[in-house]
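# Breakdown of the fold
Each chain, written out:
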Amino acid sequence: MAPQPPTDLRTEVLDLLSLTPEARLCLAGLACARCGSTEALRPGGHAYTRSPGGGRLGWAVQVCMNCPANPSQERELRS
């Protein structure tokens, strides 16, 4: 079985009630939103969670220097 690529928190709307502790660190800006690293973090856009009223809540997240700054860059790099 091929290894799964890391999950990028910025590519989906997350449910606050089902977040892992690792995902909570990413939303708080304490770890990379893509790989979970805590080294050399920089601004990396936003991740979103569902709000109780049906809307979305935006979280300013960080990415490490080894991960793309926005999710669309990754798709371009794989092409």
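See the structure printed just above.
Predicted, not measured: the structure shown is a model, and the values here were computed from it.

### What to know about unusual backbone geometry
Backbone geometry at A40 places phi at a positive 45°, although glycine is not the residue there. If you trace the backbone, A40 turns up in the loop between α1 (21–27) and β2 (41–50). Its relative accessible area of 48% is what places A40 among the partly exposed residues.

### A short note on the packing of aromatic side chains
Working definition: an aromatic ring pair is given by the centre-to-centre distance plus the angle between the planes. In the structure shown here, the tally under the stated rule is zero aromatic pairs. R56 extends its terminal NZ or CZ atom over the ring of Y48, reaching a point 4.0 Å from the ring centre.

### Remarks on the pairing of strand β3 (residues 56–64)
As judged from the eight bridges shared by β2 and β3, these two strands associate in the antiparallel manner. In the sheet register, R50 faces β3, and the bridge partner there is R56. Remark: five residues form the turn of the hairpin made by β2 and β3, two consecutive strands paired antiparallel; G54 in that turn has positive phi of roughly 100°.

### Here we look at the sheet that holds β2
Read across the sheet, three strands follow the order β1-β2-β3 without closing on themselves; strand pairing throughout is mixed. A single partner strand is all that each edge strand has here, and the edge strands are β1 (13–14) and β3.

### Observations concerning the pairing of β2
If a strand is regular, its side chains alternate between the two faces of the sheet. Relative to β2, β1 is paired through two bridges, and the arrangement is parallel. When the sheet's bridge partners are listed, V13 is paired in β2 with Y48.

Here is what the cut-offs are and how they apply
Residues numbered from 1 in each chain as written. Predicted model: local features only at pLDDT ≥ 70, side-chain atom pairs only at ≥ 80, totals over all residues. Heavy atoms only, no water. Helix = DSSP H or I, 4+ residues; strand = E, 2+ residues; numbered from the N terminus. Buried < 20%, exposed > 50% of the residue type's maximum accessible area, 1.4 Å probe, protein only. Phe/Tyr/Trp six-rings, centres within 6.5 Å; stacked < 30°, edge-to-face > 60°. Lys NZ or Arg CZ within 6 Å of the ring centre and 35° of its normal. Pairing = 2+ DSSP bridges.

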